[in-house]
Amino acid sequence: MTFVIASPCIADYSCLEACPVEAIGPSPDSAEFLRAEQLYIDPARCIDCEACVEACPVGAIFPAASIPERWKSAIAINAAHYAEHRHV
Ligand code: SF4
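If you're wondering where the values come from, they're calculated on a predicted model, not measured in any experiment. (Residues numbered from 1 in each chain as written. Predicted model: local features only at pLDDT ≥ 70, side-chain atom pairs only at ≥ 80, totals over all residues. Heavy atoms only, no water.)

Visitor: Can you explain the packing of aromatic side chains? Please cite residues and give values.
Guide: Enumeration according to the criterion identifies two aromatic pairs in this entry. Judged by centre distance (5.9 Å) and plane angle (75 degrees), the ring pair of tyrosine 13 and phenylalanine 33 falls under edge-to-face. With tyrosine 13 in the loop between strand 1 (3-5) and helix 1 (14-18) and phenylalanine 33 in helix 2 (residues 31-35), the pair connects residues that are 20 residues apart, well separated along the chain. For arginine 70, the ring lying beneath its charged end belongs to tryptophan 71, and the centroid distance is 4.1 Å. (Phe/Tyr/Trp six-rings, centres within 6.5 Å; stacked < 30°, edge-to-face > 60°. Helix = DSSP H or I, 4+ residues; strand = E, 2+ residues; numbered from the N terminus. Lys NZ or Arg CZ within 6 Å of the ring centre and 35° of its normal.)

Quick look at the structure:
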C-alpha cells in the first residue's frame, strides 16, 4: 500500500518533515517546490507509518486503499509526480 496526498493539500510541508524515509516531495528547498500545486508521496518509498497523516494540518493525506472517492485520482497523480521527477 501507500499513503496519498489529495488536493486539500496546502503544501505547508509539515508532512515532509515528519516522514522518516523522505517519501514526500518536492522539498521546499528545490526549484520544483515553487511550481508544485501540492506535495506528493512516492509510492515506492512510503512505508505506511502514518506519521504524515498526523502532521497534516488540513487532513489531506489518506491510505490509498481507503481514500474518499472524490480524491481517488490523487493515487495516480502522486505516482505520476515521481515517474516524472524521480530525482526530486
Ligand atoms: S505514511 Fe509514513 S512513510 Fe509514507 S509518506 Fe507518510 S510519513 Fe512517509
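Visitor: Tell me about the nonpolar core, residues and numbers included.
Guide: Ranked by internal contacts, the top residues of the largest apolar core, which has 16 residues, are Ile5, Cys15, Ile24, Leu39, Ile41, Cys52 and Ile61. Elements supplying a minimum of two residues to this core: strand 1 and helix 1. What cysteine 52 contacts, discounting residues up to four positions off in sequence, is Cys15, Ile24, Ile41 and Ile61. Grouped together as the second largest cluster of nonpolar side chains are seven residues, Val4, Phe62, Ala64 and Ala74 included. (Core = buried A, V, L, I, M, F, W, Y, C linked by side-chain atoms within 4.5 Å. Buried < 20%, exposed > 50% of the residue type's maximum accessible area, 1.4 Å probe, protein only. Contact = heavy atoms within 4.5 Å.)

Visitor: Lay out the side chain of histidine 81 in plain terms, naming residues and giving numbers.
Guide: Along the chain, histidine 81 falls in helix 4 (residues 73-84). Residue classification places histidine 81 among the buried positions, given a relative accessible area of 5%. Not counting chain neighbours up to four residues away, the residues in contact with histidine 81 comprise Pro26, Glu32 and Tyr40.

Visitor: Any chance you could break down helix 4 for me, citing the residues and the numbers?
Guide: With twelve residues, helix 4 extends 17 Å between its outermost C-alpha atoms, agreeing within 8% with the 16 Å of an ideal straight helix rising 1.5 Å per residue. Buried within helix 4 are the following residues: Ala74, Asn78, His81 and Tyr82. Buried residues of helix 4, viewed axially, fall in a sector of 90 degrees; they line one side. Among the exposed residues of helix 4, those pointing more than 90 degrees away from its buried face are Ala76, Ala83 and Glu84. Its buried side turned inward, helix 4 meets strand 1, strand 2 (24-25), helix 2 and strand 3 (40-41). (Expected span 1.5 Å × (residues − 1). Arc of directions from axis to C-beta.)

These figures come from the coordinates and say nothing about function on their own.
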